[in-house]
Amino acid sequence: MAKLILSMDSTVLKDIPLTKERTTIGRKPHNDIQIDNLAISGEHAVVITILNDSFLEDMGSTNGTFVNGQSVKKHFLQNGDTIELGKYRLKYVSEVPQQTSNADFEKTMILRPGAAQKPAEPAVAPAPQPSTPSPAAAPATPAASAAPAAALPLGAIQILSGGNAGKELELTKTLTTLGKPGVQVAVIARRPHGYFITHVEGANFPVINGKMIDAQAHELQDHDVIELAGVKMEFFLKT
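Residues numbered from 1 in each chain as written. Predicted model: local features only at pLDDT ≥ 70, side-chain atom pairs only at ≥ 80, totals over all residues. Heavy atoms only, no water.

Caption draft 1: Just the overall build of the protein, in detail. Helix and strand counts for the protein stand at two helices and 22 strands. Expressed as a percentage of the 239 residues in the protein, the buried residues total 45%. In the protein, of all internal contacts separated by at least 6 residues, the share reaching a separation of at least 24 is 45%. In the structure as shown, the protein presents an accessible area of about 11900 Å², 54% of it carried by carbon and sulfur atoms. (Helix = DSSP H or I, 4+ residues; strand = E, 2+ residues; numbered from the N terminus. Buried < 20%, exposed > 50% of the residue type's maximum accessible area, 1.4 Å probe, protein only. Contact = heavy atoms within 4.5 Å. Areas by Shrake-Rupley, 256 points an atom, 1.4 Å probe, with all protein chains shown as cover.)

Caption draft 2: Geometry of the pairing of strand 21 (residues 225-228). Along strand 21, the buried face is formed by Ile226 and Leu228; none of Val225 and Glu227, which line the opposite face, is buried. Pairing geometry for strand 18 (residues 207-208) and strand 21, over two bridges, is antiparallel. Paired with Val207 across the strands is Glu227, a residue of strand 21. As paired strands, strand 21 and strand 22 (residues 231-237) are joined by four bridges and run antiparallel to one another. Residue pairing across strands places Val225 opposite Glu234, the latter belonging to strand 22. Between the antiparallel neighbours strand 21 and strand 22 lie two residues, among them Ala229 with a positive phi of about 55°. (Pairing = 2+ DSSP bridges.)

Caption draft 3: Fine view of the side chain of Ser54. You can see Ser54 is positioned in strand 6 (residues 53-58). A polar atom in the side chain of Ser54 sits 2.9 Å from the side chain of Thr49. Filtering out sequence-adjacent residues up to four positions away, Ser54 remains in contact with Leu18, Val47, Ile48, Thr49, Phe76, Leu77 and Tyr92. (Polar contact = N/O pair within 3.5 Å; in protein donor to acceptor, adjacent residues only side chain to side chain.)

Caption draft 4: Quick peek at the pattern of salt bridges. With the rule as written, the count across this model stands at five salt bridges. Residue Lys238 pairs with Glu170 through a salt bridge whose shortest N-O separation is 2.8 Å. Linking Lys238 in the segment after strand 22 with Glu170 in strand 14 (residues 168-170), this pair joins segments that are 68 residues apart in sequence. A network of salt bridges, in which partner residues are shared, links Glu168, Glu170 and Lys238. (Salt bridge = Lys/Arg side-chain N within 4 Å of Asp/Glu carboxyl O.)

Caption draft 5: Focus on the confidence of the model for the protein. Mean pLDDT over the protein stands at 78; residues scoring 70 or higher make up 76%. The low-confidence segment residues 112-149 (pLDDT under 50) makes 34 contacts with residues lying over four places distant or belonging to another chain. (pLDDT = per-residue confidence, 0-100.)

Here it is as structure tokens:
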């Protein structure tokens, strides 16, 4: 299990296991990690943990969030990374192999006209198949032939409203972020047993099929309608 080690002036204050999907950091008492210092914003940053991966998101703090001396807005955490908040340090420690990378996390879809990454096209079923992990390439054996039946179908998002209506984004990465930075952002995680959406940024949480979700990860079902940052989109599984 990953954890954060809070310290100040080389003195370790406490260890915080990352047992929750969302671990908030800030000056206000409701935060999971409260740092009572005027250099820290009331709601400074959040760490999202999905399986063995954790990533850090600055929540629009006044003085900024730094990792290993570099200012960041969002950052995929690697073992040994040090988050710097004023005089305080949070060292990220993870002893398990991580499943993704900054490149995966940085695949962000900004919901404004012309920014969607792939236009909708007539069905071309064979096109997405090479990018979908599949054991089918292995020599045919009883075990290999049974594996594709359990493989997770490739998920995708199609925009239903706004300037991007009709455009499509395939969810090929481990983590795909959606939304408008500074307004509302969510992340869709591709897990072995399904796709899950988690709120990252914004006062309002995503709405699924007309119902607002909470802070925990929500499993997406085929043809769920997502409302995020004023845009409606449909999640579906490709076959």
